[in-house]
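Working through the structure, step by step
The primary structure of each chain is shown beneath.
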Amino acid sequence: MKFFDPHNNGMYSRVEKNISGKEMKFLHLGEIYDGVETERDWGDATEDYILEETSTGTILKIEIQTSEEFKEFFEEKFPTALGIVKNLSENQL
C-alpha cells in the first residue's frame, strides 16, 4: 500500500491484517520521494484501524506504533484526517 502527499511523496507499507469490515493493519516499510522507494528500518511501525459496532453506530479505534521521529507528525496530522473520515462516514448520500 502506498500513501502519498499532494506532491506524490510519502511512504509504502505492507497490509499485515485485513478483516473486512472489522480491522486493517499496516506495517510501514519505507519512504517515497521523487518516485524513489527507500527502505527504512522503523522496526514495528504500524497503524491498526479497528471498527467496533455499538448499539448507536460504529466506533473507529486506531492504534499507532511509531518512533519518536514521527510522533509529532501523527499528533499534528491525525486529528484533521480523522475529522475528515468522521465527516465522510456521517454524511454519506
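Residues numbered from 1 in each chain as written. Predicted model: local features only at pLDDT ≥ 70, side-chain atom pairs only at ≥ 80, totals over all residues. Heavy atoms only, no water.

How two aromatic rings sit relative to each other is set out by the distance from centre to centre and by the angle between their planes. Evaluation of the coordinates by the stated rule reveals five aromatic pairs. Measuring from ring centre to ring centre gives 6.2 Å for phenylalanine 26 and tyrosine 49, while their planes differ by 75°; the resulting arrangement is edge-to-face. Of this pair, phenylalanine 26 sits in strand S3 (residues 23–33) while tyrosine 49 is found in strand S5 (residues 46–54), placing the two residues 23 residues apart along the sequence. Taking relative accessible area as the criterion, phenylalanine 26 reaches 7% and is therefore assigned buried. The interplanar angle of 80° and the centroid separation of 5.3 Å between the aromatic rings of tryptophan 42 and phenylalanine 70 together place this pair among those described as edge-to-face. Note that tryptophan 42 is positioned in the loop between strand S4 (36–39) and S5 and phenylalanine 70 in helix H1 (residues 68–90), a separation of 28 residues in sequence. Given a relative accessible area of 14%, tryptophan 42 falls into the buried group. (Phe/Tyr/Trp six-rings, centres within 6.5 Å; stacked < 30°, edge-to-face > 60°. Helix = DSSP H or I, 4+ residues; strand = E, 2+ residues; numbered from the N terminus. Buried < 20%, exposed > 50% of the residue type's maximum accessible area, 1.4 Å probe, protein only.)

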